[in-house]
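In case you want the letters, here they are:
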Amino acid sequence: MNKAVHDGIWSGSWVAERLGVDLVGGGELKDLLGLALRRNPKRAHLLVSYVLGKHVPQSPAVVHGHGLALGRRVRALLGERDTAGAVVLGYAETATGLGHSVADGLGPVPYLHSTRRPVPGVPPAGGFEESHSHATSHLLLPEDPALLAGGGPLVLVDDEFSTGSTVLNTIRDLHARHPRERYVVVALVDMRSPTDTARLDDFARGIGARVDLVAAASGTVRLPDGVLDKGRDLVARHETAAPDAAAPPAGRARGRITRVGLDWPAGVPDGGRHGFTPAHRARLERALPGMAARLAAALPAGARRILVLGCEELMYTPLRLAHELERTTGAEVRSSTTTRSPVLAVDDPGYAIRSRLVFPAHDDPADGPGERYAYNVAGGGFDAVLAVVDSAADTPALHAPDGLLARLAEHTPQVLLAVVPAYVPAAHPAVPASRPEGPPMLPEPLRGPDFSSYAPEEVGWLLQDLSDVTLEAPTEEREEAIQRGGAHYAESLPVEYQPSAEYQELFHSALTASADRLARGVGAVTELVLAERSPRPVLVSLARAGTPVGVLMRRWAAFRHGLDLPHYAVSIVRGRGIDANALRWLAAHHDPADVVFVDGWTGKGAITRELAEAIGRFEEQGGAPGFDPEIAVLADPGACVRTYGTRDDFLIPSACLNSTVSGLISRTVLRADLVGPDDFHGAKFYRELAGADLSNAFLDAVSARFPEAAETVEVAVKELLAGDRAPTWAGWAAVERISEEYGIHDVNLVKPGVGETTRVLLRRVPWKILARTGAGADLDHVRLLAGQRGVPVEEVDGLPYTCVGLIHPRYTRGATGADGKAVAR
């Protein structure tokens, strides 16, 4: 491993010889520490740790291992009972990663580190000064103010314990707010003088608390008289003689800069700035292998020496990513972090800081712009450098010609950038709950009138606008491509069906006849959601068929309970799953436990199964837990869900039309050349169809019936709550039976129910329609469409649905035979 003593030369000898500073103590001190000169009027020297992962790139296993070992010593000191009530507090910026590692060593305990980055809307729970530091003010900004209010031991972690003043200032501030009986101070090295040791003992007696100290090594620093003046003179003489690391010679290619997506688990903090709980730790551990695999796949072929470079206070996350890369790739991985601490660089084996990269601050610091530094990176022989920053630091300054990425690219052939969402406590609504990974940042939802004809408060669309892209293809051409496997149905759009005057009249007649029934169904499903799922649900409709129902449910909640429920529309694609970026956006802005997915109706239950599988995959890949995959639907003829308004298969007029009853929005699109890994799925807004739009007319006709439906809904909900609503999946069994009976052998070509049959006639190539014998006016529009397209309607006794649409199997291994069945080709 990298040691402060290499080839017999101690990396503090240069300073010791010129300034007279020396370390006094056990031999392990000079294995752990080197010396450098600060550009700081308060202290001339800098103790440079070789196991901290800050100024000196080091094996992440070594860095994390030192913190774990200290944490285990603290656990042994406290015992299991007191350890269970402990809280660990690390110091910014140097010890944030060390403190987190110590917390790992203690076990399932919460961790918090101080910060120099104020967060608007997050009130401090304390603060203190670090007198010798280049930047002195520390803030404590826990998301849960009670974190520091308990009576269990407080474990304070710093990289070095030099005078004890910082610890005294911390304990004094916190003890005045929340007194406790025991403190444990942890450091890599204890360098206090006897006077400083006595001062801490006296302080502990004065507050009536026990203060223990745990350190990996101890000793003192011998300082000659006038060391500050001598240090300033020595720095001044060598500033010009030891310039910052220069750019490579002319003609040498700069390294490539590539962004790599981490797929960071939503809701997990980037570090301990606002607190890090045992639950957060467990989720991070599960996500680390997948994130490291994505990083490893982006490394250049043959890269053997890799640096993972963190950003100031962001030390622990880069360290753990580096450790996982080290464990799984076999490469020589090193970890270090940028810093705001100005240190002289001297390229001498007897000096701890051999090179320095200088670049502007890129996280909009509260104390204004200034220089930042990366030490011992230039000249390190790294085949690749992975820079890990939080999204608050992913600014134009980071990407500027003189920014960190450009400086790194001067000294390595490949620079990778990974961005972790900067966590902001959700309890403080003045700021976003979380800043998503990016750029590209996940945008705010699209809303009418710019996207859709719905009022902006009715629904926010978690989609991207593809209105300017030509996506429509002839129906037969789309069907052939889909069935032959050459395309997915979500990669194109059918040409929008323009209803005839006769068909529009059928829609209006159906709406008049069914508005009461629809109002009762909307009321019943909304009341079930409020009673069983959440008192203030977040409605998330599956675009687009679910969106009118979601709007109506929102209106019922306002009408009956005075609630103003949030409502969003998201994309789900059969075979591809739900839009994971939309889920991340929802988790960043709402509690996933409050999210209720909404659809119009169930057919055979394919989307019900698709959603459950997609939510499972999302959580396995580190996504926020807590989403309930059960869909709430207006009608459940397939018996696939337990939250529904009715299980009758009847005409829902919004199924009669396409975009003109769905806010003028197309079906959603998922195509690789249009939708990137950080994008929402797409859709089009058909503004040109505004003259034929019936979206709001449909909503208004149904919601106008709410008052007269209220009493009936109350009775129906009591019956539903008392009854057996367990899914039987009877619809799926019926579809499998029909698929085999008609020789299709593909359940995806069997579309049961009035709504799905209508979709077949509007968007696919229909083969035939099966209608339950005696079905009445609910099928008038189906018969009209079937007649217009020359599709036979066959009446069937005992059909479990009112009707079933069969997609033409001509493009599969089955085709129509003379007997009206499908036969093998």
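Worth saying up front: this structure is predicted, and the values here are computed from it rather than measured. (Residues numbered from 1 in each chain as written. Predicted model: local features only at pLDDT ≥ 70, side-chain atom pairs only at ≥ 80, totals over all residues. Heavy atoms only, no water.)

Draft legend 1. Fine view of the pairing of strand E11 (residues 182-190). Taken across its 9 residues, E11 has 9 buried, putting it largely inside the fold. In terms of strand pairing, strand E10 (residues 154-161) meets E11 through 7 bridges, oriented parallel. The residue of E11 that forms the bridge with Leu154 is Tyr183. Crossover connection from E10 via helix H5 (residues 165-177) to parallel E11: handedness right-handed. What joins E11 to strand E12 (residues 210-222) is helix H6 (residues 194-207), and the crossover it makes is right-handed. (Buried < 20%, exposed > 50% of the residue type's maximum accessible area, 1.4 Å probe, protein only. Helix = DSSP H or I, 4+ residues; strand = E, 2+ residues; numbered from the N terminus. Pairing = 2+ DSSP bridges. Right-handed = clockwise from strand over helix to strand, strands pointing away.)

Draft legend 2. Just the pattern of salt bridges, in detail. Per the counting criterion, the structure on display carries 42 salt bridges. Between Glu332 and Arg305 there is a salt bridge, and its shortest N-O distance comes to 2.5 Å. With a gap of 27 residues between them, Glu332 in strand E15 (residues 332-338) and Arg305 in strand E14 (residues 305-311) connect regions that are remote in the sequence. Judged by its relative accessible area of 34%, Glu332 falls in the partly exposed class. In this structure, the salt-bridge partner of Arg725 is Glu532, at a minimum N-O distance of 2.5 Å. With Arg725 in the loop between helix H18 (706-722) and helix H19 (730-741) and Glu532 in helix H13 (residues 501-532), this residue pair connects regions lying 193 residues apart in the sequence. Judged by its relative accessible area of 3%, Arg725 is buried. (Salt bridge = Lys/Arg side-chain N within 4 Å of Asp/Glu carboxyl O.)

Draft legend 3. The packing of helix H8 (residues 278-298) against helix H9 (residues 316-329), seen in detail. Axis separation between H8 and H9 bottoms out at 9 Å; the angle between their running directions is 65°. By the angle between their directions, the pair H8 and H9 is classed as roughly perpendicular. Along this stretch, H8 crosses H9, giving a crossing that reads as right-handed. In contact with Leu284, Glu285, Leu288, Pro289, Met291, Ala292, Leu295 and Ala296 of H8, H9 contributes Tyr316, Arg320, Leu321, Glu324, Leu325 and Thr329. When the residues that make up the contact of H8 with H9 are grouped by side-chain class, the tally is 10 nonpolar, 1 polar and 3 charged. (Axes fitted to C-alpha atoms, helices over the stretch in contact; angles between N-to-C directions. Parallel < 35°, antiparallel > 145°, perpendicular 65-115°, else oblique. Left-handed = near helix turned anticlockwise from the far one by under 90°. Contact = heavy atoms within 4.5 Å. Nonpolar A, V, L, I, M, F, W, Y, C, P; charged D, E, K, R; others polar.)

Draft legend 4. Here's a closer look at the sheet that holds strand E19 (residues 414-420). Spatially, the 5 strands line up as an open sheet ordered E13-E19-E18-E14-E15, and their pairing is parallel. Since the sheet does not close on itself, it has two edges, and those belong to strand E13 (256-259) and E15, each with one partner. Across this sheet, the average inter-strand angle for adjacent strands is 20°, counted without regard to direction. One ladder, built from 4 bridges, connects E13 with E19; its direction is parallel.

Draft legend 5. The arrangement of helix H3 (residues 60-84) in detail. The end-to-end C-alpha distance of H3 is 27 Å, clearly below the 36 Å that 25 residues give at a rise of 1.5 Å each. Of all the bends in H3, the greatest measures close to 100° and is centred on Leu78. Within the sequence span of H3, burial applies to Pro60, Val62, Val63, His64, Gly67, Leu68, Leu70, Gly71, Val74, Leu78 and Thr83. Contacts made by the buried residues of H3 are with helix H4 (96-106), E10, E11, E12, H9 and E15. (Expected span 1.5 Å × (residues − 1). Bend = angle between axes of the 7 residues up to and from the residue.)

Draft legend 6. Broad picture of the nonpolar core. One finds Trp461, Ile578, Leu586, Phe597, Phe627 and Phe698 to be the most contacted residues of the largest nonpolar core, which totals 108 residues. Ranked by residue count, the leading element in this core is H13, at 12 residues. In contact with Phe597, not counting residues within four places along its chain, are Val540, Leu542, Ile578, Leu583, Leu611, Ile615, Phe627, Asp628, Glu630, Ile631 and Ala632. Counting 106 residues, the second-largest nonpolar core is a separate cluster that includes Val21, Leu106, Val211 and Tyr375. (Core = buried A, V, L, I, M, F, W, Y, C linked by side-chain atoms within 4.5 Å.)

Draft legend 7. Representation of the sheet that holds strand E24 (residues 538-542). The parallel open sheet is built from 6 strands, whose spatial order is E20-E25-E24-E28-E29-E30. Because the sheet does not close on itself, it has two edges, and the strands there are strand E20 (460-461) and strand E30 (643-646). Sheet topology places E20 next to strand E25 (residues 567-570); 2 bridges connect them, and they run parallel. Following the sheet pairing, Trp461 is matched in E25 by Ala569. Contacting E24, E25 and strand E28 (595-601), helix H15 (residues 580-589) crosses the sheet at an angle of about 160° to E25.

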